[in-house]
Amino acid sequence: VQLVESGGGLVQPGGSLRLSCRASGFTFSNYYMRWYRQAPGKERELVAGITGTGGTTNYANSMKGRFTISRDNAKNTVYLQMNSLKPEDTAVYYCHTFRFVDYWGQGTQVTVSS
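Keep in mind that what you see is a predicted model, and the values were worked out from it rather than measured. (Residues numbered from 1 in each chain as written. Predicted model: local features only at pLDDT ≥ 70, side-chain atom pairs only at ≥ 80, totals over all residues. Heavy atoms only, no water.)

**Quick look at the packing of aromatic side chains**
The criterion, for reference: Any two of the Phe, Tyr and Trp rings considered here, Trp counted by its six-membered ring, make a pair once their centres fall within 6.5 Å; the pair's planes then place it as stacked at under 30 degrees, edge-to-face at over 60, or tilted in between. Each helix is a run of H or I in the DSSP string that is no shorter than four residues. Each strand is a run of E no shorter than two, and both are numbered from the N terminus. Accessibility here uses a 1.4 Å probe with only protein chains present; expressed as a share of the type maximum, an area under 20% marks a residue as buried, one over 50% as exposed, and anything in between as partly exposed. Placement of a charge over a ring requires the Lys NZ or Arg CZ to be within 6 Å of the ring centre, with the centre-to-atom vector within 35 degrees of the ring normal.
Throughout the structure, instances matching the rule amount to four aromatic pairs. Ring plane angle 65 degrees and centroid distance 4.9 Å describe the contact between Tyr36 and Trp104, whose orientation is recorded as edge-to-face. Of this pair, Tyr36 sits in strand S4 (residues 33-38) while Trp104 is found in strand S10 (residues 101-104), placing the two residues 68 residues apart along the sequence. Of the residues examined, Tyr36 reaches a relative accessible area of 18% and is grouped as buried. Given the relative accessible area of 34%, Trp104 is considered partly exposed. Sitting over the ring of Tyr94, Arg44 keeps its end group 3.8 Å from the ring centre. When the ring centre of Phe28 is taken as origin, the NZ or CZ atom of Arg71, which lies over that ring, is 4.2 Å away.

Laid out in structure tokens, this is it:
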């Protein structure tokens, strides 16, 4: 199993970014996928999750209405569209799945700053 995130970077407050996580080594469409984030000095927190079909999504309360998780099973990729970004969204964002054990990507840094 391999998860590779991309799309992070520096963005001004109010801006947008789209993160991608390309998966390999398992039947992607069968698995629930999640995005987590970890800010400096803080614990890793769940951002959003999506079922294998993409039919059901879940969000942490602070991200509802600003972030959208989606997936393209033909491309083995899960996305996180982030709008109206705030400085407190600054963190390393990780892709995650569980297949007998937890699997994590290497993370992608998102920095929201003027």
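Past the structure itself, the notes keep going.
**Re the sheet that holds strand S8 (residues 77-82)**
Where we set the bar: Strand pairing requires that DSSP identify at least two bridges connecting the strands. Under this scheme, a helix contributes an axis fitted over its contacting stretch, all axes are lines through C-alpha atoms, and angles between N-to-C directions fall in the 0 to 180 degree range.
Strands sit in the order S1-S3-S8-S7 across an open sheet of four strands; the sheet is antiparallel. For this open sheet the edge positions go to strand S1 (2-6) and strand S7 (67-72), each flanked by a neighbour on one side alone. The mean inter-strand angle of the sheet, taken between neighbouring strand axes irrespective of direction, is 15 degrees. In this structure, S7 lies alongside S8, joined through six bridges in antiparallel fashion. In the strand pairing of S8, Thr68 is matched with Gln81.

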